[in-house]
Amino acid sequence: MSFFSELWTFMRVRKKFWLLPILVVMVIFGGLIVLTQGSAVAPFIYTLF
Amino acid sequence: MTAILGISSYYHDSAAALLIDGELVAAAQEERFTRKKHDARFPENAISYVLQEAGLQLSDVDHVAFYDKPFLKFERLLETYVANAPKGFGSFRIAMPVWLREKLFQKSLLLKELKKLGQGTIKPENLLFAEHHYSHAASAYYPSPFDEAVVLTLDGVGEWATTTVAIGKGENLEILKEIHFPHSLGLLYSAFTYYTGFKVNSGEYKVMGLAPYGEPRFKNLILDKLVDLKEDGSYRLDQSYFNYSTGLTMTNDKFSDLFGAPVRKPETDRLEQFHMDIAASVQAVTEEIVLRLTRSLAKEYDIPNLCMAGGVALNCVANGKVLRDQSFQNIWIQPAAGDAGGSVGAAYAAWHGELGNPRKAAQPGKDRMKGSYLGPVFEQADIEKRLSEAGAVFSTLSEDEVISKTVDALEDGKAVGWFNGRMEFGPRALGGRSILGDPRSETMQRTLNLKVKYRESFRPFAPSVLREDVSEWFDFDEDSPYMLMVDTVKPEHRREMTAEENELFGIEKLNVKRSDIPAITHVDYSARIQTVHEDTNPRYHQLISAFKQRTGCPIVVNTSFNVRGEPIVCTPEDAFRCFMGTDIEYLVVGNSVLMKEEQDPKLAEDYKQKYELD
């Protein structure tokens with residue numbers, strides 16, 4: 001949790017809020033890749049469409 | 001007591017440094033322990049060593065300081081990718097998973113790695129982060145012998161900054177100006193290192209060594225097309241010629257077309273006069289930029305002292321020119337000017353900057369780096385035990401006998417391994433882990449390059465000279481204990497070239513004797529000077545004094561104790577392995593002396609193939 005608060009503070013100090021959507025998307029996809037261990041990503045994406 | 005542990009890691013040259021009550025007590029690079037050159041992994045061995053040196057556990061450490069700010073670096077990466085999208089997707093695809101898995105969470109990663117050492121933990125609030133260039137600036141200013149100085153840092157890139165100007169006064173150090181990525185003098189030099197077929201981040205020395213064989217005939221082309229250089233030394237690079245922002249190479253086809261030749265492939269393409277001219281040209285441009293910067297800074301701030309750090313500050317040819325230019329009266333350069341030195345800077349930044357501790361007044365002419373002898377030392381009994389276990393045949397002699405026998409070996413033209421006292425911190429061997437030779441020998445440079453170091457024959461060697469005698473032999477009369485200044489051999493020790501010899505080109509110049517000390521005289525009569533001081537390395541000073549007494553020459557050839565691509569040796573076992581695997585004929589480890597002919601030849605490894613080309 002401290003990671004997110006530090007990241008938020010960082011963006012506030014640097015006034016770089018536009019980075020937030022990019023980061024969120026990347027962290028979500030990154031998290032999915034880690035959770036699904038790479039090879040399992042494909043079936044998951046197929047069900048999306 | 002307050003102990004601060006400085007760490008640099010995860011990019012290249014991981015290292016650890018320990019500051020106790022503001023005094024630097026130990027520092028070492030991880031590569032020396034893991035035997036992997038430029039090792040970037042978390043420096044667990046280096047940390048264990050620096051703590052052990054001070055008799056501390058991690059739990060005794062008050063603060064840990066890291067040399068870089070990961071969020072800020074990530075911001076730079078993202079902004080660069082967004083600015084160049086969709087170009088750069090290939091690099092993005094490779095970089096992002098590493099960031100999302102590890103680097104973005106560096107704080108927790110560091111805490112976890114520290115915990116794994118099994119010596120207690122560090123509270124998250126005691127883990128501090130200094131900006132990359134602030135760490136460099138701190139490593140240049142705080143250990144320097146000045147109470148006030150202009151601090152110039154130049155390197156490839158940190159977070160955003162690539163060049164910074166700071167002012168240090170007492171315990172205060174403030175960065176006042178910055179040049180930001182992608183405009184970078186370090187990356188410009190690295191681009192040419194790549195173009196001439198050498199490895200980026202380690203081959204820059206070779207480009208510098210190659211430069212005197214060439215003519216700077218591309219200097220104006222570089223200044224016209226690649227670099228927009230202003231009068232005050234500030235600059236911008238035309239990014240249409242480079243590929244490092246978004247690609248996986250340093251330069252692109254437009255760059256190759258500009259110079260009329262493709263990137264040299266080291267495995268198949270020979271080094272030609274063209275590459276030497278390219279090296280001479282980028283060296284000349286670098287010197288021009290550094291000199292414009294230092295001249296304008298001297299004028300602007302009117303402070304007589306200059307401190308420098310960052311990878312470009314290891315360009316000792318440029319440093320020598322800054323010194324001779326005399327814009328600043330005094331110059332001090334951090335011996336570990338590359339990223340390893342960031343660990344020292346981060347620790348100092350925490351001690352003075354974050355904790356606000358006052359800085360003791362400087363002693364004129366005395367810095368706080370202890371000669372850079374900040375690494376492991378081995379007791380004589382331990383040395384003998386380790387050598388015996390390695391199967392070495394050695395005799396242990398008295399101090400005087402060691403010196404006199406070593407001088408005999410040098411006089412006989414032997415390559416001598418010299419393992420003495422604490423290991424150096426920084427890329428240079430300074431008489432702690434060195435290979436020595438007789439500089440008067442005409443064959444020494446070739447022998448050392450081809451039979452001992454297994455490296456390119458064009459590469460020059462450096463002299464270690466007694467401080468009190470330096471001005472007798474070189475056009476130089478300053479302290480240069482860290483081998484970071486280049487100057488010329490005095491005219492009376494030079495040998496004039498015949499008209500025929502003057503006609504020689506490039507590498508052909510190499511075989512011509514140029515002075516009374518040919519082994520350390522480069523083709524332009526220059527030498528990368530190390531002055532040896534009695535107070536920081538008395539034993540090395542004693543050895544060179546004895547050599548002088550015998551031969552009249554107060555100089556020895558000094559090159560690092562390793563082969564091409566290998567980290568400098570750390571332990572007596574490393575030294576023995578290198579001794580057995582190369583044509584080093586005589587080895588001194590503490591008071592133990594080893595002759596090659598007495599060793600068991602079965603212990604020799606195929607050392608030449610063991611390390612990758614650097």
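Residues numbered from 1 in each chain as written. Chains lettered and ligands numbered in written order. Predicted model: local features only at pLDDT ≥ 70, side-chain atom pairs only at ≥ 80, totals over all residues. Heavy atoms only, no water.

(A) Just helix 9 (residues 219-226) of chain B, in detail. All names here are of chain B. For helix 9, the set of buried residues is Ile222, Leu223 and Leu226. When helix 9 is viewed along its axis, its buried side chains cluster within an angular range of 110° and face the same direction. Summarising the geometry of helix 9, the exposed residues directed more than 90 degrees from the buried face are Asn220 and Asp224. Buried residues along helix 9 sit against helix 7 (185-195), strand 9 (227-229), strand 10 (235-237), helix 10 (253-259) and helix 11 (273-301). (Buried < 20%, exposed > 50% of the residue type's maximum accessible area, 1.4 Å probe, protein only. Helix = DSSP H or I, 4+ residues; strand = E, 2+ residues; numbered from the N terminus. Arc of directions from axis to C-beta. Contact = heavy atoms within 4.5 Å.)

(B) A look at the side chain of Asn357 of chain B. Residue and element names in this part refer to chain B. Tracing the sequence through the fold places Asn357 in the loop between helix 13 (342-354) and helix 14 (380-389). A distance of 3.1 Å separates the side chain of Asn357 from the backbone oxygen of Trp351, its partner in a polar contact. Once residues within four sequence positions are removed from consideration, Asn357 is found in contact with Glu171, Trp351 and His352. (Polar contact = N/O pair within 3.5 Å; in protein donor to acceptor, adjacent residues only side chain to side chain.)

(C) Looking closely at the sheet that holds strand 14 (residues 416-419) of chain B. Residues and elements named next belong to chain B. An order of 13-21-20-14-15-19-16-18-17 is seen for the nine strands of this open sheet, with the pairing classed as mixed. Because the sheet does not close on itself, it has two edges, and the strands there are strand 13 (395-396) and strand 17 (485-488). Across four bridges, the pairing between strand 17 and strand 18 (residues 526-532) is antiparallel. Looking at the pairing, Asp487 lines up with Ala527 of strand 18. (Pairing = 2+ DSSP bridges.)

(D) The interface of chain B and chain A, seen in detail. Contact residues are listed per partner, giving 14 residues for chain B and 13 residues for chain A. The contact between chain B and chain A buries some 1,300 Å² in all, and 82% of this surface belongs to carbon and sulfur atoms. Counting the surface chain B buries against chain A, the share from its top three residues, Phe71, Glu75 and Leu100 of chain B, is 39%. Counting the contacts that link chain B with chain A gives four salt bridges. When the shortest N-O distance is used, the salt bridge between Lys16 of chain A and Glu75 of chain B registers 2.7 Å. On the surface where chain B and chain A come into contact, there are four residue pairs in polar contact (both at pLDDT 80 or more). Secondary structure elements with two or more residues in the side of chain B that touches chain A: helix 3 (70-84) and helix 4 (89-101) of chain B. Per-element tally for the side of chain B that touches chain A: the top contributor is helix 3 of chain B, with seven residues. (Buried area = accessible area lost by both parts, 1.4 Å probe. Salt bridge = Lys/Arg side-chain N within 4 Å of Asp/Glu carboxyl O.)

(E) Representation of the sheet that holds strand 12 (residues 330-333) of chain B within the structure. Residue and element names in this part refer to chain B. Reading across the sheet, the five strands line up as 8-7-6-11-12 and stay open at both edges, with mixed pairing between neighbours. At either margin of the open sheet sits one strand with a lone partner, and together these are strand 8 (172-180) and strand 12. Averaged over all neighbouring strand pairs, the angle between strand axes comes to 20°, with direction disregarded. Of the strand pairs in this sheet, strand 6 (residues 148-154) and strand 11 (residues 305-309) are connected by four bridges, and their pairing is parallel. When the sheet's bridge partners are listed, Leu152 is paired in strand 11 with Met308. In this fold helix 6 (residues 132-141) packs onto strand 6, strand 7 (161-169), strand 8, strand 11 and strand 12, with an angle of close to 135° to the strand it touches most, strand 6. Along the sheet face, helix 11 touches strand 6, strand 7, strand 8 and strand 11 and points at about 155° away from the line of strand 6. (Axes fitted to C-alpha atoms, helices over the stretch in contact; angles between N-to-C directions.)

(F) Highlighting the confidence of the model for chain A. All names here are of chain A. Confidence in the prediction for chain A averages 73 pLDDT; 63% of positions are at 70 or higher. When the elements of chain A are averaged for pLDDT, helix 3 (residues 41-48) gives the smallest value, 46, and helix 1 (residues 2-14) the largest, 90. Contacts from residues 38-49, a stretch scored under 50 in pLDDT, to residues over four places away or in other chains number four contacts. (pLDDT = per-residue confidence, 0-100.)

(G) Structural view of the pairing of strand 6 of chain B. Residues and elements named next belong to chain B. Of all seven residues in strand 6, six are buried; the element is thus mostly enclosed. Here strand 6 runs beside strand 7; their pairing, made up of seven bridges, is antiparallel. Within the sheet, the bridge partner assigned to Val150 lies in strand 7 and is Ile167. Once strand 6 ends, the chain turns through six residues before running back antiparallel as strand 7.

(H) Looking closely at the pattern of salt bridges. Taken as a whole, this structure holds 35 salt bridges over all chains when the rule is applied. Close ionic contact of Glu566 of chain B with Arg35 of chain B constitutes a salt bridge, the shortest N to O distance being 3.1 Å. With Glu566 of chain B in the loop between strand 19 (555-560) and helix 20 (572-581) and Arg35 of chain B in the loop between helix 1 (31-34) and helix 2 (44-53), the pair connects residues that are 531 residues apart, well separated along the chain. According to the relative accessible area criterion, Glu566 of chain B is buried, its value standing at 1%. As a salt-bridge pair, Glu113 of chain B and Lys116 of chain B come within 3.6 Å of each other at their nearest N and O atoms. Here Glu113 of chain B pairs with Lys116 of chain B, and both are found in helix 5 (residues 106-116), just three residues apart, close to one helical turn. Owing to a relative accessible area of 65%, Lys116 of chain B belongs among the exposed residues under this scheme. Beyond isolated ion pairs, a larger network of salt bridges with shared partners links Arg14 and Lys16 of chain A together with Glu75 and Glu79 of chain B.

(I) Highlighting the state of the cysteines. Scanning all chains against the criterion turns up zero disulfides over all chains. You can see Cys316 of chain B has no disulfide; the closest cysteine sulfur is in Cys307 of chain B, sitting 18 Å from it. (Disulfide = S-S within 2.5 Å.)

(J) Expanded view of the environment of Glu300 of chain B. Residue and element names in this part refer to chain B. Position of Glu300 among the secondary structure elements: in helix 11. A C-alpha to C-alpha distance of 33 Å links Glu300 and Pro212, two positions 88 residues apart in sequence. A distance of 2.8 Å separates the side chain of Glu300 from the side chain of Lys177, its partner in a polar contact.

(K) View of the packing of helix 14 of chain B against helix 20 of chain B. Residues and elements named next belong to chain B. Direction vectors running N to C along helix 14 and helix 20 enclose 45°, while the axes themselves pass 9 Å from each other. Here helix 14 lies oblique to helix 20, going by the angle between them. The crossing of helix 14 and helix 20 is right-handed. When helix 14 is examined against helix 20, the residues Ile383, Arg386 and Leu387 are found in contact with a partner set consisting of Pro572, Glu573 and Phe576. (Parallel < 35°, antiparallel > 145°, perpendicular 65-115°, else oblique. Left-handed = near helix turned anticlockwise from the far one by under 90°.)

(L) Inspection of the side chain of Asn558 of chain B at higher detail. Residues and elements named next belong to chain B. In this fold, Asn558 is placed in strand 19. In this structure the side chain of Asn558 is engaged in a polar contact, spanning 3.1 Å, whose partner is the backbone oxygen of Ala429. Among the polar contacts made by the side chain of Asn558, one reaches the side chain of Ser464 at a distance of 3.1 Å. Those residues in contact with Asn558, other than ones at most four positions away along the chain, are Ala429, Leu430, Gly431, Ser434, Ile435, Leu436, Ala462, Ser464, Met483, Gln530 and Tyr540.

(M) Region of the structure containing the packing of aromatic side chains. All names here are of chain B. Enumeration according to the criterion identifies 30 aromatic pairs over all chains in this entry. Between the aromatic rings of Tyr195 and Phe259, the centroid separation amounts to 5.8 Å while the plane-to-plane angle is 45°, which identifies the pairing as tilted. In this pair, Tyr195 is assigned in helix 7 and Phe259 in helix 10, connecting sequence segments 64 residues apart. Taken as a pair, Tyr195 and Phe259 share a single burial class, namely buried. When the centroid spacing of 6.3 Å and the interplanar angle of 40° are considered together, the rings of Phe576 and Phe579 count as tilted. Pair noted here: Phe576 and Phe579 are both in helix 20, with a separation of three residues, about one helical turn. Note on accessibility: Phe576 and Phe579 belong to one class, buried. These aromatic residues form a ring-pair network of at least three members: Phe181, Phe192, Tyr195, Phe218, Phe242, Tyr244, Phe255, Phe259 and Phe274. One cation-aromatic arrangement involves Lys254 over Tyr241; the distance from NZ or CZ to the ring centre is 4.5 Å. The side chain of Arg514 reaches across the aromatic face of Tyr525, ending 5.7 Å from its centre. (Phe/Tyr/Trp six-rings, centres within 6.5 Å; stacked < 30°, edge-to-face > 60°. Lys NZ or Arg CZ within 6 Å of the ring centre and 35° of its normal.)

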